[in-house]
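Here is how the chains run, residue by residue.
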Amino acid sequence: MEQEVITARELCIGYRTGRTEKPVHERLSFTLHAGELTCLLGANGSGKSTLLRTLSALQPPLKGEIMLMGRPLGRYSERERSRTIGMVLTDKTQTGGLSVSELVALGRQPHTGFFGRLRRHDRARVDEALEAVGMTSKARSRMAELSDGERQKAFIAKALVQECPLILLDEPTAFLDVVSRIEVMSLLHRLAAEQGKAILLSTHDIEQALALADKLWLLSREEGLRCGTTEDMVLNGGMERLFVHPDIGFHPERGVYLAQTESLRRVVLEAADPVLRYWTMNALRRAGCSAIPDGGDNRPETPRLQALSPTELILHQGGKKRRFGSFGELFRVLSR
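So what about the packing of aromatic side chains? Which residues, and what values?
Under the defined criterion, the tally for this structure stands at four aromatic pairs. Taking 5.2 Å as the distance between ring centres and 85° as the angle between the ring planes, the aromatic pair formed by Phe243 and Tyr257 counts as edge-to-face. Here Phe243, found in the loop between α10 (238-242) and β11 (248-251), pairs with Tyr257, found in strand β12 (residues 256-259); they are 14 residues apart in sequence, far enough to count as distant. Ring pairing ties together the aromatic residues Phe243, Phe250 and Tyr257, which thus form one cluster. Here Arg254 stacks its cationic end above the ring of Tyr278, 3.7 Å away from the centre of that ring. Over the ring of Phe331 we find Arg286; its NZ or CZ atom is 4.8 Å from the centre of that ring.

Quick look at the structure:
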């Protein structure tokens, strides 16, 4: 049976000023399991940061109770929480003068006490964390010398040495390039599985979330929080309802959000290769055309496009046949 690391039922989150309460979300119910990577998705202002702050005990819930490892979160002391919850924030802290190993060693403070004296056991945990995130070779490098991706790995290692069952991350890939985003997300997925951590992160990186998250938490002002396995949330329409915008739609066959261009013309598309078919449809969509599958429209006046290869595109229109050697040539004709 999967271990429940954190659970909540009928939770209300928000802010309290004096006697005034400002709820952000009410009646939230969820569970985080050990060994799973969960991605929290939602628009800016949907309450993602408020939820993460509540789960980390940085602010109390307005109503309801959060159970952490079977015990109410509110009953944990500060030191107990630091041994149970690891946090990785987006804010760039002033750590440039520290070496990577010194930064990671700070994560042992919940175990070493105020003076932070490292014993052999603690140094072994630091070395293990550096190895787990692939930063052993950078142990003596200064934080100021690292790339953004390497810095994020160092902070993840710092959370690992706390030996917490729960790790929360606030947009850990926000400032990273595409390679670093993939590396960090893949690392977190591996750490959850190999070390049995429950890892929850907020992100706007939809592509990597759909590829690597075991579970999705979809948070919106309109529908609150919906949780489920990634593929279930894609196929049951959850992703389509996450961002409500008349000009943007989710395409479940590709796992992406795209602008909804107005289709003024229909084009029958013949393309055997699935990759070529997708990018031909992409070109047609930009040109204001909707691709109709072969056999879907047999009227002679409807244009027909054969995509045989990227350099062999044949357009049948008005009884004439035109050949194009590139999408650039084709697009100039279609966009007129």
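Let us keep going from here.
An account of the pattern of salt bridges is requested, with residue identities and associated values reported.
Applying the stated criterion across every chain, the model contains 17 salt bridges. Between Arg142 and Glu102 there is a salt bridge, with the nearest N and O atoms lying 3.5 Å from each other. Pair noted here: Arg142 is in the loop between α5 (120-132) and α6 (148-160) and Glu102 is in helix α3 (residues 100-106), with a separation of 40 residues, a long-range link. Judged by its relative accessible area of 40%, Glu102 is partly exposed. Its salt-bridge partner being Arg190, residue Glu194 comes within 3.3 Å of it at the nearest N-O pair. One end of the pair, Glu194, and the other, Arg190, are both in helix α7 (residues 178-195), four residues apart, so they sit about a helical turn from each other. Overlapping salt bridges, with partners in common, bring together Arg108, Asp122 and Glu163 in one network.

Tell me what's going on with the environment of Leu40, and back it up with residues and numbers.
Within the secondary structure layout, Leu40 lies in strand β3 (residues 37-41). Taking the C-alpha atoms as reference points, Leu40 and Leu225, 185 residues apart in sequence, are found 9.4 Å from one another. Setting aside anything within four residues of it in sequence, one finds Leu40 in contact with Lys48, Leu51, Leu52, Leu200, Leu201, Ser202, Thr203, Trp217, Leu219 and Leu225.

Thresholds, definitions, all that
Residues numbered from 1 in each chain as written. Predicted model: local features only at pLDDT ≥ 70, side-chain atom pairs only at ≥ 80, totals over all residues. Heavy atoms only, no water. Phe/Tyr/Trp six-rings, centres within 6.5 Å; stacked < 30°, edge-to-face > 60°. Helix = DSSP H or I, 4+ residues; strand = E, 2+ residues; numbered from the N terminus. Lys NZ or Arg CZ within 6 Å of the ring centre and 35° of its normal. Salt bridge = Lys/Arg side-chain N within 4 Å of Asp/Glu carboxyl O. Buried < 20%, exposed > 50% of the residue type's maximum accessible area, 1.4 Å probe, protein only. Contact = heavy atoms within 4.5 Å.

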